[in-house]
Amino acid sequence: MSVGSQGVVGGIRIDLKRLHETWMELLYPRQRDAGDTVLGTWTPDSQFGMVLYRLWSGLGVPVIALVYPLVLFGVVVRYQARRIDGTATRIGLVGVVLLSVLAWGGLTALARLQFDLSTGELAAVAAAGGVATVSAALAVGTRSVGGRVTTVLFSYPFAVTAIFLPPVVAALYSTVAPQVALSVSDTLSRWLLFDVLGRQHAVSQFFIENFERQGLAYVLIWLGISIPLGWLLGLLVTLADLVRPKD
């Protein structure tokens, strides 16, 4: 086995060990990273307690098997988030806003010159640009205020909106832009309305009766999707930080 393979296997073992210790610590004290301390890992001092201890340990195995792929995905998301965050930190809040204004201004001008859009459609593009710019500013601003909770609740949803709204708008009004954004938006909206909430749910009924999945509705769909998606990505990064700390 190569050194690189040993490193990967060793990293997986450390991750699984830390995950299992975290699982054990949900009910028992002094479990996580306690093996090399003076006191060592805590264990029950009665036979019945040890049976329950081992039972809880065994129950953690299938849970960890389900959670660990999410940890790995969270590590990937964290890496990309740190790259974006590093760029935003270097150019600052003002730079982020100016960059977004220039990008959306160029997109609006291109839409006006190349796609022969109506006044209403141009207004929709400009409005989407305004939403994306404000979202980018709020993502950077909330990132530097508060801690983990603020970052997950606000920064990630705003960042998701700012990053993914442009391809959605481009796909709406361009015949050459990839239509993947619309397809994903449509699939996610149907999943949320029909599978998560259920067709008979009051919220589902409201959107089904009042909105068609076409035109500007895709922008509204994505704005609604970006909030829970941002929360999900933030939670995955938090899980990755728990199992595999950045340091």
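Note: the structure precedes this text.
These numbers were taken from a predicted model, which means no experiment stands behind them. (Residues numbered from 1 in each chain as written. Predicted model: local features only at pLDDT ≥ 70, side-chain atom pairs only at ≥ 80, totals over all residues. Heavy atoms only, no water.)

## Details of the overall build of the protein
Of the regular secondary structure elements, the protein holds seven helices and zero strands. Mapped in sequence order, the helices and strands of the protein form the string α-α-α-α-α-α-α. Counting every position in the protein, which comprises 247 residues, the buried fraction comes to 32%. Of all intrachain contacts in the protein linking residues separated by at least 6 positions in sequence, the fraction that spans at least 24 positions is 66%. Just so you have it, the protein exposes about 15000 Å², and 68% of that area is on carbon and sulfur atoms. (Helix = DSSP H or I, 4+ residues; strand = E, 2+ residues; numbered from the N terminus. Buried < 20%, exposed > 50% of the residue type's maximum accessible area, 1.4 Å probe, protein only. Contact = heavy atoms within 4.5 Å. Areas by Shrake-Rupley, 256 points an atom, 1.4 Å probe, with all protein chains shown as cover.)

## A word on the side chain of Asp15
Following the sequence through the fold, Asp15 ends up in helix α1 (residues 3-25). Take Asp15: its relative accessible area is 2%, and that puts it in the buried class. Non-local contacts of Asp15, meaning those with residues more than four positions away in its chain, are made with Tyr68, Val243 and Arg244.

## Regarding the pattern of salt bridges
For side chains of opposite charge, pairing can occur when their charged atoms come near one another. Using the criterion set out here, one finds four salt bridges in the structure. Linking Glu21 and Lys17 is a salt bridge whose minimum nitrogen-to-oxygen distance equals 2.6 Å. Of the two residues, Glu21 and Lys17 both sit in helix α1, four residues apart, roughly one turn of that helix. In this structure Glu21 comes out as buried when scored by relative accessible area, which is 11%. Across the pair Arg148 and Asp241 runs a salt bridge, and its minimum N-O distance is 2.4 Å. One end of the pair, Arg148, is in helix α4 (residues 148-173); the other, Asp241, is in helix α7 (residues 217-243), and 93 residues separate them in sequence. Take Arg148: its relative accessible area is 36%, and that puts it in the partly exposed class. Each of Arg78, Arg148 and Asp241 takes part in a single network of salt bridges with overlapping partners. (Salt bridge = Lys/Arg side-chain N within 4 Å of Asp/Glu carboxyl O.)

## Some points on the side chain of Thr22
Looking at where Thr22 falls in the secondary structure, it is placed in helix α1. Not counting residues within four places of it along the chain, the set of residues in contact with Thr22 comprises Arg32 and Leu242.

## A few points about a nonpolar patch on the surface
Together, Val149, Leu153, Phe154, Ile227 and Trp231 make up a nonpolar patch on the protein surface, roughly 460 Å² of accessible area in all. Take the nonpolar patch: its biggest share by element is three residues, from α4. (Patch = residues over 30% accessible without salt bridge, like charges linked within 9 Å, V, L, I, M, F, W, Y side chains within 5 Å.)

## As for the nonpolar core
If you look at the biggest cluster of nonpolar residues, it comprises 16 residues, and the most contacted ones within it are Trp104, Ala128, Leu165, Val169, Trp222 and Leu233. Broken down by secondary-structure element, the contributors of at least two residues to this core are α2 (47-114), α3 (119-143), α4 and α7. Per element, the largest residue contribution to this core is six residues, and it comes from α7. The contact partners of Val169, leaving out residues within four places of it in the chain, are Trp104, Leu107, Val125, Ala128 and Val219. Of all hydrophobic cores here, the second largest spans six residues; its members include Trp23, Tyr28, Met50 and Trp56. (Core = buried A, V, L, I, M, F, W, Y, C linked by side-chain atoms within 4.5 Å.)

## Points about the packing of aromatic side chains
Tallied over the full model, the rule gives four aromatic pairs. Here the aromatic rings of Trp23 and Trp56 are separated by 4.2 Å at their centres, their planes lie at 10°, and the arrangement is stacked. Of this pair, Trp23 sits in helix α1 while Trp56 is found in helix α2, placing the two residues 33 residues apart along the sequence. The exposure classification of Trp23 matches that of Trp56, with both residues buried. Each residue in the set Tyr28, Trp42 and Tyr53 is aromatic and connected to the rest through ring pairs, giving one cluster. (Phe/Tyr/Trp six-rings, centres within 6.5 Å; stacked < 30°, edge-to-face > 60°.)

## Looking at the environment of Leu220
Along the chain, the position of Leu220 falls in helix α7. You can call Leu220 partly exposed: its relative accessible area is 46%.

## A few points about unusual backbone geometry
Backbone geometry at Arg30 places phi at a positive 50°, although glycine is not the residue there. Relative to the helices and strands, Arg30 resides in the loop between α1 and α2. The partly exposed category is assigned to Arg30, whose relative accessible area is 33%.

## Notes on the environment of Thr238
Here Thr238 shows up in helix α7. Classification of Thr238 as partly exposed rests on a relative accessible area of 27%. Note: C-alpha distance between Thr238 and Arg78 (160 residues apart in sequence) is 8.7 Å. Residues in contact with Thr238, not counting those within four places in the same chain, are Arg148 and Val152. Engagement of the side chain of Thr238 in a polar contact is seen with the backbone oxygen of Gly234, the distance being 2.8 Å. (Polar contact = N/O pair within 3.5 Å; in protein donor to acceptor, adjacent residues only side chain to side chain.)

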